[in-house]
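# Breakdown of the fold
For reference, the chains in residue letters:
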Amino acid sequence: MQYVSTRGKAPILSFEEAMLTGLARDGGLYVPETIPTFTADEIAAMAGQPYEEIAFRVMKPYLGESFTDDEFRQIIAKAYDGFGHDARAPLVQLGPDHFLLELFHGPTLAFKDFAMQMIGQLFEVALGRRGERVTIIGATSGDTGSAAIEAFRGLDAVDVVILFPQGRVSEVQRRQMTTPSESNVHAIAVEGDFDDCQARVKDMFNDFDFRDRVKLAGVNSINWARVLAQVVYYFSSATSLGAPHRKVSFTVPTGNFGDIFAGFVAQKMGLPIDRLVIATNQNDILHRTLQSGAYTKEAVVPSISPSMDIQVSSNFERVLFDAYGRDGEAVAQQMADLGQGGAFRVSQGALEFLREHFDSGRASEDETTATIARSFAHTGEVLCPHSAVGVKVAEEALQPGVPMITLATAHPAKFPAAVEAACGVSPALPKRMADLYERPERVTDCANDLAALEALIEEKISA
Ligand SMILES: Cc1ncc(COP(=O)(O)O)c(C=O)c1O
Ligand SMILES: N[C@@H](CCOP(=O)(O)O)C(=O)O
């Protein structure tokens with residue numbers, strides 16, 4: 001299995017190389033040259049299997065020669081060992097045709113743990129074998145950063161540096177990033193929004209001197225391995241509701257488009273998905289794009305679902321690559337237009353492709369709050385604001401007889417203020433995190449400036 005860049009001009013890599021490389025050297029994102037497919041019988045055989053077994057079957061075809069079967073089985077076992085639910089990703093019924101896929105039982109209480117716990121193990125094995133050390137850089141609107149720090153803290157072969165937007169993550173999210181005491185963890189609060197953090201991360205990858213000097217690696221969903229690990233729960237949940245013998249739909253609270261892109265990959269692998277519904281908060285660039293064909297950046301407006309406060313949606317590039325018939329030059333042109341003018345227009349053919357595969361909807365702040373309150377009153381389920389955005393949009397997209405699975409992407413205790421204001425419940429953190437508010441914090445503030453950030457990172461990793 002080989003990996004190519006969405007912009008068509010970077011070296012073709014193996015799974016392990018693509019995983020350790022992060023952003024392609026032409027600025028694009030790595031994707032598999034071909035997507036492996038399953039027969040209906042192979043999909044049916046996943047029903048009732050443990051999550052770990054489904055992870056092995058779904059991910060293995062993408063690995064090529066990078067990891068032996070034994071190595072990979074051990075990696076999977078370790079990755080999910082610390083999850084707080086035996087099913088790993090349990091389904092809860094909300095209504096006759098509506099189900100919630102709880103993806104928040106991992107160590108940092110967000111869906112990011114599914115991929116990040118796995119990547120931590122994959123990096124450790126691969127770097128150990130190569131005898132290499134890397135600097136992992138990540139941009140976060142709150143959840144990726146805490147999941148990455150949890151997965152990599154204390155590992156000998158990595159420094160992990162996380163940029164987060166100052167004042168724009170919840171207190172729990174911030175403390176998850178600033179309280180670990182391991183010396184290989186570096187949390188940096190950037191004066192800007194998430195898009196600024198993500199842009200500086202991409203700038204660092206495009207500064208080849210810096211990139212090669214510090215041996216930069218990335219664990220945002222820039223990294224294909226992140227997306228791949230998220231494909232698994234589409235299979236586990238759909239087969240438990242009767243796929244492949246009946247179709248299911250998914251609604252996905254969306255920001256950087258990684259999670260819903262994983263659903264798109266599952267569909268291409270043969271999982272019979274009826275509709276994939278993009279759910280956005282008031283930062284609704286993806287919903288607007290599907291409606292109008294114009295991808296136009298606006299200022300990020302802080303919301304009660306801060307992890308989705310994103311306007312430059314990184315993985316949209318991956319779906320555009322398919323929408324343009326895998327024409328890297330067309331994608332590179334659109335990304336250049338976005339960089340220069342803050343906008344691009346999707347061609348008619350590409351727009352039809354997008355509309356064929358995705359529906360979309362948006363939830364305002366009031367609608368999100370009302371959904372948290374209504375869900376608690378009717379079902380007892382306390383939703384985090386991101387999951388509530390998903391539930392609200394899903395309710396509008398329900399089709400009789402087709403099960404709808406909404407992804408619950410974070411635990412409500414990560415956003416206690418918004419949840420309590422909406423439904424009067426103050427969700428408790430798990431016992432192991434009970435002293436989070438007492439632990440000392442360690443964070444460095446920095447301007448939204450590439451040179452300043454690079455200098456700070458070099459200082460931190462050489463200390
Ligand atoms: C809680 C939560 N929900 C939803 C999202 C959106 O996911 P994606 O960026 O993969 O679209 C994020 C951030 O990525 C998140 O942290
Ligand atoms: N919502 C994310 C933003 C980064 O997304 P990623 O999936 O590309 O890592 C976060 O919580 O940091």
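What comes next is a walk through the structure. (Residues numbered from 1 in each chain as written. Chains lettered and ligands numbered in written order. Predicted model: local features only at pLDDT ≥ 70, side-chain atom pairs only at ≥ 80, totals over all residues. Heavy atoms only, no water.)

## Points about the state of the cysteines
The criterion, for reference: Here, two cysteine sulfur atoms that lie within 2.5 Å of each other are counted as a disulfide. Think of it in three bands: residues with accessible area under 20% of the maximum for their type are buried, residues over 50% are exposed, and the middle band is partly exposed, with areas taken using a 1.4 Å probe on protein chains only.
As enumerated under the stated definition, the model contains 0 disulfides in all. C197 carries a free sulfur, and the closest cysteine sulfur to it, the one in C446, is 10 Å from it. Judged by its relative accessible area of 0%, C197 is buried.

## Thoughts on the packing of helix α3 (residues 51-59) against helix α10 (residues 224-240)
We apply this condition: Note on geometry: axes are C-alpha line fits, over the in-contact stretch for helices, and angles between N-to-C directions span 0 to 180 degrees. Working definition: helices are DSSP H or I runs of at least four residues, strands are E runs of at least two. Numbering for both runs from the N terminus. Relative orientations are named as follows: roughly parallel for angles under 35 degrees, roughly antiparallel for angles over 145 degrees, roughly perpendicular for angles from 65 to 115 degrees, and oblique for any other angle. In this scheme the handedness of a crossing depends on how the near helix is turned from the far one: anticlockwise by less than a right angle means left-handed, clockwise means right-handed. Any two residues whose heavy atoms approach within 4.5 Å at even a single point are treated as in contact. As a working rule, the residues Ala, Val, Leu, Ile, Met, Phe, Trp, Tyr, Cys and Pro are called nonpolar, Asp, Glu, Lys and Arg charged, and the rest polar, with Gly in that last group.
Interhelical geometry of α3 versus α10 gives an angle of 120° and a closest axis separation of 9 Å. Of the possible angle classes, the one that applies to α3 and α10 is oblique. Crossing of α3 against α10: the hand is right-handed. Of α10, the residues touching α3 (which contributes Y51, I54, A55, V58 and M59) are L228, A229, V231, V232, Y233, F235 and S236. When the residues that make up the contact of α3 with α10 are grouped by side-chain class, the tally is 11 nonpolar, 1 polar and no charged.

## Quick look at the pattern of salt bridges
Any two side chains of opposite charge can pair, given that their charged atoms come close. For the record, the criterion: One side-chain nitrogen of Lys or Arg within 4 Å of one carboxyl oxygen of Asp or Glu is enough to make a salt bridge.
The tally for this structure, following the rule as stated, stands at 29 salt bridges. Residues D322 and K268 are paired through a salt bridge, measuring 2.6 Å at the closest nitrogen-oxygen approach. With D322 in helix α13 (residues 316-323) and K268 in helix α11 (residues 258-268), this pair connects stretches of sequence that are 54 residues apart. Take D322: its relative accessible area is 11%, and that puts it in the buried class. Relative accessible area serves as the criterion here: at 31%, K268 is assigned to the partly exposed category. With a shortest N-O distance of 2.5 Å, E395 and R374 are connected by a salt bridge. With a gap of 21 residues between them, E395 in helix α17 (residues 385-397) and R374 in helix α16 (residues 365-379) connect regions that are remote in the sequence. Exposure remark for E395: the relative accessible area of 35% places this residue in the partly exposed category. The network of salt bridges with shared partners includes E16, E71, R129, R130 and E132.

## Description of the site of ligand 1
The criterion, for reference: Note on definitions. A residue lies near a molecule or strand when any single heavy atom of the residue is within 4 Å of it. Polar contact criterion, stated in full: a pair of N or O atoms within 3.5 Å, where within protein one must be able to donate a hydrogen and the other to accept it, and residues adjacent in sequence count only if both atoms are side-chain atoms. Using a 1.4 Å probe, accessible areas were evaluated by the Shrake-Rupley method; residue-level cover was limited to the displayed protein chains.
In the vicinity of ligand 1, 15 residues are found, and the nearest of them are K112, D143, G255, N256 and T409. Within the backbone of G255, a nitrogen or oxygen atom sits 2.7 Å from an oxygen atom of ligand 1. At 2.7 Å, a backbone N or O of N256 approaches an oxygen atom of ligand 1. Isolated, ligand 1 exposes 380 Å² of accessible area, and the fraction of that covered by the protein chains is 98%. The residue makeup of the shell around ligand 1, split by class, is 5 nonpolar, 7 polar and 3 charged.

That's the geometry; what it means functionally is another story.
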